[in-house]
Amino acid sequence: MWVFLLRAILQRLVLLVVISMIAFSIVHLAPGEPSEVDPANPRMKPEDIARIRAAFHLDEPLSVQYVYWLRDLATGELKSFKDSQPVLPKIWRRFLNSLPLFICATLIVWSLSFPTGIQAAIQRGSPFDRTTTFVAYAFISIPGFFLSYLAIQWVVDLFNVPIIGMRTFGMENAQPAFRWMDRLWHLVVPSVMSAIAGIAILSRYVRSQMLEVVRQDYVRTARAKGLPEESVIYRHALRNALLPFVTMFGFLLPGLIGGSVIFEQIFAWPGLGRLGYEAILARDFPVILTINFIAATLTLAGTLVSDILYAVADPRIRLQ
Amino acid sequence: MTDSTHSGAFAGESEPPPETPLQEAWRIFRRDRLALSGLIVLAVLVMLAVAGKVLTEWVVVFDPATVRLPDKFLPPFSPISPALIPAAHQPLGGVYLLGTDELGRDVFARMLQGSFVSLSIGFIAVGISVTIGIILGGLSGFYGNVKLGLISVDTLIMRFTDIMLCFPTFFLILTVVALLPPSIYNIMIVIGLTSWMATARFVRAEFLALREQDFVVAAQALGLPESRIIFRHMVPNAIAPVLVSATIGVAGAILTESGLSFLGFGVQPPYATWGNILASGRGFIFDAPWLFFIPGLAIFIVVLAFNLVGEGLREALNPRLRNR
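What you see is a predicted model; the values in this text were computed from it and never measured.

Caption draft 1: Layout of the overall build of chain A. For chain A, the helix and strand inventory stands at 14 helices and zero strands. Seen through its C-alpha atoms, chain A measures out along the principal axes to roughly 85 × 60 × 35 Å. Sorting the 320 residues of chain A into buried and exposed places 32% on the buried side. In chain A, the proportion of contacts linking residues at least 24 apart, taken out of those at least 6 apart, comes to 70%.

Written out as structure tokens, the structure is:
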């Protein structure tokens, strides 16, 4: 067990270094530099550009720049090119903003897709199954921002509440109850919208897992010895069907960064994805690279956690 | 299942020959009405896209780039204003089938042009990702035990796949597309280069299983060249899951392109894609809702069709699900 852990962590550290190197070279070798963001500005003289490049170490060889970046990241002194703010606190603030959205969306996804998937699998071929199947495909296929615009229009028309941003401007001095209602309204629509694709995918996955398990011999045995159907489904089948989902806990965190760019952009939510988007626009290399680095770290940590969880949950699997 | 009637209808002879695997797959695929309607939609779409390419670029019947400022923001099916539009700029029949946009361009012509661009983004991106996936997965499945110095080919390729899986895909695509000069080819290539990992894993798993099968061992015993074993005997047997994930991948690529367009990094004007028509139409959702709903619904229907066909293929090509 400990040997496994040690080896897995070492392996992942090596991967992490390689990933950061690849990301670093992609970002730095692509055309366009922070010093060229404003080429039309007549006040930018060549010596100014040279000074900017020197200040950001952009005139040094790539390998030296990489070492600088790694050192600054480790000591926490990494500064954004754009506004010279330290990168890590900046990312942390945005992370805290993204967190409620993410938690809310995840709760919606998990609490809706499991009952739907299980029910669809039990009643395979029934109208319920066929309807949810079609709805799931529709949810996967609709462009997220198209649906979000429709939802914004609908909610604003129907309930007459503002929902763009994290809170309504000017509500700071209102009663706490009103403030909380306001926060809630702003939270609900974006989280439902970012949950929709997840609900569709996860409920399909739950359904196929359930179908797989229901055909196993132990389920037939449980039926054969005359157990009631609920007991067969929920005690024998469901528990085994749930195994793969234990591992999905490990993959939850990376999703915090990946898919949120578009939704945070639509709903003007000052979160991590939007920070990344702004950083890309401004060629803010330290921020782009650090977000990427954090995402990779979370993914690798996620795979490790899911391996361990799998071994804990499934006695047939031994870590070696 | 009414097997006898179906195979009889297929063969059209007094003594039906046994079904080929392809016929069997088609029989199962046909049973799924959603998948079948998806296939019909896609067939229509491909014809539309080819017609769009021909009619908007080679024999210009619908010109997507003509600007007619007197006729801007006309709803679908509006006639032109004959007094204000020169004869050379009139659309076919003098009617804007799908209305006009903020510059008076014919939305129908733009959608036609966009259908070819959107489809080719999907197909080329998936073509790239499937090629890389099959090559890397095949190498690591077939030559996995060959050592390159300290590590085996399998370890090398699979670690690389793991590395690629660690990048947040959409964020990576966004970064690269934003940093590179805007071009439709960059978008195809970047989407292709960032989505081959699942294919590589499928192909590797299939190859590992196939390598132990009798027919491969027999082919090796016969002394067939390795290239023939791989491409004639193993790839056709490993292709089913690849085909399924490719079909669904086209849907994903079209959605990714529309997402990039939304963020302003998609295909740049004057090319029209469904993604950028939708992205620019969102500004007129109240004044000219057709600019928003037509491309949105078009993307939705096509992506849905690809997903349904992919799912139908999964059922039809998966031997374990057969005869149930």
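Caption draft 2: Looking closely at the overall build of chain B. In terms of helices and strands, chain B carries twelve helices and four strands. Here chain B holds 324 residues, and 43% of them are scored as buried. Sequence separation of 24 or more characterises 67% of the internal contacts of chain B that already satisfy a separation of 6 or more.

Caption draft 3: Spotlight on helix α2 (residues 46-55) of chain A. With zero of ten residues buried, α2(A) is to be regarded as a mostly surface element. Positioned one or two residues after α2(A), His57(A) has a phi angle of 60°, which is positive.

Caption draft 4: Spotlight on the interface of chain A and chain B. Opposite the 37 residues of chain A that make contact, chain B presents 33 residues. Breaking the side of chain A that touches chain B down by element, the ones donating at least two residues are α1 (2-29), α5 (127-141), α6 (144-159), α11 (255-258), α12 (260-266), α13 (272-281) and α14 (285-313) of chain A. Per-class residue counts for the side of chain A that touches chain B are 28 nonpolar, nine polar and no charged.

Caption draft 5: The arrangement of unusual backbone geometry in detail. You will see that Ala268(A), though not glycine, has its phi angle at about 50°, which is positive. If you trace the backbone, Ala268(A) turns up in the loop between α12 and α13.

Caption draft 6: Structural detail: the confidence of the model for chain B. Residues and elements named next belong to chain B. Model confidence for chain B is summarised by a mean pLDDT of 84, while 93% of its residues fall at 70 or above. Under a pLDDT of 50 for its full length, residues 1-12 has, in the predicted model, seven contacts with residues more than four places off or in other chains. Model confidence for the complex is summarised by a pTM of 0.86, with the ipTM given as 0.85.

Caption draft 7: Structural view of the confidence of the model for chain A. Residues with a pLDDT of 70 or more make up 95% of chain A, whose mean pLDDT is 85. Taking the mean pLDDT of every element in chain A, the minimum, 66, falls on α11(A) and the maximum, 91, on α5(A).

Caption draft 8: How the structure looks around the nonpolar core. Ranked by size, the top nonpolar core spans 144 residues in total, and within it Leu174(B), Val177(B) and Ile254(B) carry the most contacts. The dominant element in this core, judged by the number of residues it contributes, is helix α4 (residues 107-142) of chain B, at 17 residues. Setting aside its immediate chain neighbours within four residues, Leu174(B) contacts Val261(A), Ile280(A), Leu260(B), Leu263(B) and Phe265(B).

Caption draft 9: Here's a closer look at the environment of Leu172(B). Residue and element names in this part refer to chain B. Note that leucine 172 resides in helix α6 (residues 169-179). Residue classification places leucine 172 among the buried residues on the basis of 21 C-beta atoms within 10 Å. Sequence-wise, leucine 172 and serine 129 are 43 residues apart; in three dimensions their C-alpha atoms are separated by 15 Å. With sequence-adjacent residues up to four places away left out, leucine 172 is seen in contact with Phe167 and Thr194.

Caption draft 10: Layout of the environment of Asp157(A). Position of Asp157(A) relative to the elements: it lies in helix α6. With 40 residues separating them in the primary sequence, Asp157(A) and Gly117(A) have C-alpha atoms 33 Å apart.

Caption draft 11: Representation of the packing of α4(B) against helix α7 (residues 184-193) of chain B. Residues and elements named next belong to chain B. Viewed as axis vectors pointing N to C, α4 and α7 meet at an angle of 40°, and their least axial separation amounts to 7 Å. On the basis of the axis angle, α4 is oblique to α7. Here the hand of the crossing between α4 and α7 comes out right-handed. Mapping the contact onto sequence places Val117, Ile121, Ile124, Ala125, Ile128 and Ser129 in α4 and Ile184, Ile187, Met188, Ile189, Ile191, Gly192 and Leu193 in α7. Within the contact of α4 with α7, the residues separate by chemical class into eleven nonpolar, two polar and no charged.

Caption draft 12: The environment of Gln209(A), seen in detail. All names here are of chain A. As for its placement among the helices and strands, glutamine 209 is situated in helix α7 (residues 176-214). In this structure glutamine 209 comes out as buried when scored by C-beta crowding, with 21 C-beta atoms within 10 Å. Along the primary structure glutamine 209 and isoleucine 262 are separated by 53 residues, whereas in three dimensions their C-alpha atoms are 30 Å apart. Once residues lying within four places of it in the same chain are set aside, the contact partners of glutamine 209 are Ala241 and Pro244.

Conventions and cut-offs
Residues numbered from 1 in each chain as written. Chains lettered and ligands numbered in written order. Predicted model: local features only at pLDDT ≥ 70, side-chain atom pairs only at ≥ 80, totals over all residues. Helix = DSSP H or I, 4+ residues; strand = E, 2+ residues; numbered from the N terminus. Buried ≥ 20, exposed ≤ 12 C-beta atoms within 10 Å, placed from the backbone. Contact = placed C-beta atoms within 7 Å. Nonpolar A, V, L, I, M, F, W, Y, C, P; charged D, E, K, R; others polar. pLDDT = per-residue confidence, 0-100. Core = buried A, V, L, I, M, F, W, Y, C linked by C-beta atoms within 7 Å. Axes fitted to C-alpha atoms, helices over the stretch in contact; angles between N-to-C directions. Parallel < 35°, antiparallel > 145°, perpendicular 65-115°, else oblique. Left-handed = near helix turned anticlockwise from the far one by under 90°.

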